[in-house]
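One-letter residues, chain by chain:
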Amino acid sequence: MTTQMFEGRGHAAVYQKYRFAPGKELQQTILAYLQEKKAIPAELVVDVGCGSGQGTRFLAEHFKKVVGTDISEAQIQEARDTPSMPNISYLVCPAEELPFQDASVDVLASFTAAHWFDIEKFMREAQRVLRPGGCVAISTYTVDMSLRYGDCSEKLTKIFRECWDQILKYSHNRLKFVLENYKEIFEALPFPDKKRITDIYDKIPMTVEGVVGYLESASPYQTFMKNDPEAAKSLLQETEKRMLETMGVSSRETPVEFCVRHVCVLGCK
C-alpha cells in the first residue's frame, strides 16, 4: 500500500501553495519521449499520486482527458479547489488499485510520488491498465538543489542546504529511492523498452517566501514539526532571515531562481 505522508489539511494546503509544477526541461523530456513512441495524441492520461494537481494541470494542456489520482482526500480536495481545465477530473484511490479497465490507459504519469508507492504492486497495476503501446513517465526532483541571485548564489545555496540537511534528518526511509535516482523503480518497470534520464536540470522562478514554503511542504519537515514544533519553526524563520540578509533585501517576495535536478523513468509497453 502507498505510504501516506500528506494526509493533513494543513499540509495539503501548504503543498498546494508552494509546490511547483514540472519545469520546462522535464516537460519537454516527457513530451518528446511520448511523441517518439507515438503516444501523442492520447485519449486517457492518468497522473498517479497527483497531490494537489501541479503535474495534472501540465498534462491537461497536451492531452484530451486527464485523471489525477491520490490516496489523500485532503490533497484531492486542494486539487479540486484549484481552477483548472475542464478535461481534468480527480479520484481518491491508492496507486496500487487504480479504478480503470484493463488496457484502457494511454499514458501513466507520476511526478515526485512513485517513491511512496508499493513499487511491485504499482508496476503490476501499470502493466494491467496500460494499453499495448502505452507509456509510463515517472519522475522526481532530487535533493540536488541550488539558489541563484546576483553575486550571492553560493552563499544562498549554502544557507538553503544547511537548512535542508537539518530537515532531511527526519526523512522517511522511502526517500532512499530518490537518493538512488529512481534506479530501483527503473529496474522494476516491467517493459523491455525503457530508459532512465538522471540529468534533467530546471530553473524554477520563485521568491524567498516560495523557497521557504517549499521546505515547509517537504514530508521530513512535517515529521520534524510533529517531533519538535518550536525547533522546526525556528529553523525556517532563521533560514529566511539569513537569506534576506545575504541578499541585502527585506521583502519575502524578492524573486530568486530555484535550480533543481530531475530524474525521469520512461517506458513503453
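Residues numbered from 1 in each chain as written. Predicted model: local features only at pLDDT ≥ 70, side-chain atom pairs only at ≥ 80, totals over all residues. Heavy atoms only, no water.

In the annotation of an unreviewed UniProt entry, the protein is listed under the name TMT1 methyltransferase and assigned to Mionectes macconnelli. Turning to the protein, the UniProt record has this under Sequence similarities (unreviewed entry): "Belongs to the methyltransferase superfamily." (UniProt positions renumbered as here; feature names shortened; annotations may be inferred.)

Caption draft 1: Region of the structure containing the UniProt feature "domain: Methyltransferase type" (unreviewed entry) in the protein. Look at the UniProt record and you will see "domain: Methyltransferase type" (unreviewed entry) annotated at residues 46-138. The span residues 46-138 is 29% helix and 32% strand, and its two end C-alpha atoms sit 11 Å from each other. (Helix = DSSP H or I, 4+ residues; strand = E, 2+ residues; numbered from the N terminus.)

Caption draft 2: Representation of the confidence of the model for the protein in the model. With 94% of its residues at a pLDDT of 70 or more, the protein has an overall mean of 92. Scored below 50 in pLDDT, residues 1-6 shows 30 contacts in the model against residues more than four places distant or in partner chains. (pLDDT = per-residue confidence, 0-100. Contact = heavy atoms within 4.5 Å.)

Caption draft 3: Molecular detail of the nonpolar core. Among the nonpolar cores identified, the biggest contains 31 residues, and Leu 108, Ile 138 and Tyr 182 are the most heavily contacted of them. Among the elements of the structure, strand 1 (44-48), strand 4 (105-111), helix 5 (119-129), strand 5 (130-148), helix 7 (176-179) and strand 7 (255-268) are those that each provide at least two residues to this core. The residues touching Leu 108, leaving out its near neighbours within four places in the chain, are Val 46, Val 48, Leu 98, Phe 122, Ala 126, Val 129, Leu 130, Cys 135, Val 136 and Ala 137. With 30 residues, the next largest nonpolar core counts Ile 204, Met 206, Tyr 221 and Ala 232 among its residues. (Core = buried A, V, L, I, M, F, W, Y, C linked by side-chain atoms within 4.5 Å. Buried < 20%, exposed > 50% of the residue type's maximum accessible area, 1.4 Å probe, protein only.)

Caption draft 4: Expanded view of the packing of helix 9 (residues 208-217) against helix 11 (residues 229-247). One can describe the packing of helix 9 onto helix 11 by two numbers: an axis separation of 10 Å at closest approach and a directional angle of 155 degrees. By the angle between their axes, helix 9 is roughly antiparallel relative to helix 11. Crossing of helix 9 over helix 11 shows right-handed handedness. Along its contact with helix 9, which presents Val 208, Val 211, Val 212, Leu 215 and Glu 216, the element helix 11 presents Leu 236, Glu 240, Met 243, Leu 244 and Met 247. (Axes fitted to C-alpha atoms, helices over the stretch in contact; angles between N-to-C directions. Parallel < 35°, antiparallel > 145°, perpendicular 65-115°, else oblique. Left-handed = near helix turned anticlockwise from the far one by under 90°.)

Caption draft 5: Summary view of the environment of His 262. Note on placement: His 262 falls in strand 7. Under the relative-accessibility criterion, His 262 is labelled buried at 2%. Here the alpha-carbon distance between His 262 and Ser 234, two residues 28 residues apart in the chain, equals 29 Å. When near neighbours in sequence (up to four residues on either side) are disregarded, His 262 contacts Gly 23, Leu 26, Thr 140, Tyr 141, Ile 197, Thr 198, Asp 199, Ile 200 and Asp 202. At 3.3 Å, the side chain of His 262 forms a polar contact with the side chain of Asp 202. (Polar contact = N/O pair within 3.5 Å; in protein donor to acceptor, adjacent residues only side chain to side chain.)

Caption draft 6: Representation of the pairing of strand 1 within the structure. Among the five residues of strand 1, five are classified as buried, and the element is accordingly described as predominantly covered. On strand 1, burial covers both faces: Leu 44, Val 46 and Val 48 on one face and Val 45 and Asp 47 on the other are all buried. As paired strands, strand 1 and strand 2 (residues 65-70) are joined by five bridges and run parallel to one another. By the bridge assignment, Asp 47 is partnered in strand 2 with Gly 68. Handedness of the crossover joining strand 1 and strand 2 through helix 3 (residues 54-60): right-handed. Summarising the sheet, strand 1 and strand 4 pair through three bridges and their orientation is parallel. Opposite Val 45, over in strand 4, you have Val 107 as the bridge partner. (Pairing = 2+ DSSP bridges. Right-handed = clockwise from strand over helix to strand, strands pointing away.)

Caption draft 7: Region of the structure containing the pattern of salt bridges. Applying the stated criterion across every chain, the model contains 14 salt bridges. Two residues, Glu 120 and Arg 124, come together in a salt bridge whose shortest N-O distance is 3.2 Å. With Glu 120 and Arg 124 both in helix 5, this residue pair falls four residues apart, about one helical turn. You can call Glu 120 exposed: its relative accessible area is 57%. Residue Arg 124 is classed as partly exposed on the basis of its relative accessible area of 49%. Between Arg 252 and Glu 240 there is a salt bridge whose closest N-O contact spans 2.9 Å. Pair noted here: Arg 252 is in the loop between helix 11 and strand 7 and Glu 240 is in helix 11, with a separation of twelve residues, a long-range link. According to the relative accessible area criterion, Arg 252 is partly exposed, its value standing at 36%. With a relative accessible area of 15%, Glu 240 lands in the buried category. (Salt bridge = Lys/Arg side-chain N within 4 Å of Asp/Glu carboxyl O.)

Caption draft 8: The packing of helix 6 (residues 153-168) against helix 11, seen in detail. Two elements in contact, helix 6 and helix 11, have axes whose closest approach is 9 Å; the angle formed by their N-to-C orientations is 175 degrees. The angle between helix 6 and helix 11 places the two elements in the roughly antiparallel class. Touching Lys 155, Leu 156, Ile 159, Glu 162, Cys 163, Gln 166 and Ile 167 of helix 6 are Leu 235, Leu 236, Thr 239, Arg 242, Met 243, Thr 246 and Met 247, all from helix 11. Grouping the amino acids of the contact of helix 6 with helix 11 by side-chain chemistry returns eight nonpolar, three polar and three charged. (Nonpolar A, V, L, I, M, F, W, Y, C, P; charged D, E, K, R; others polar.)

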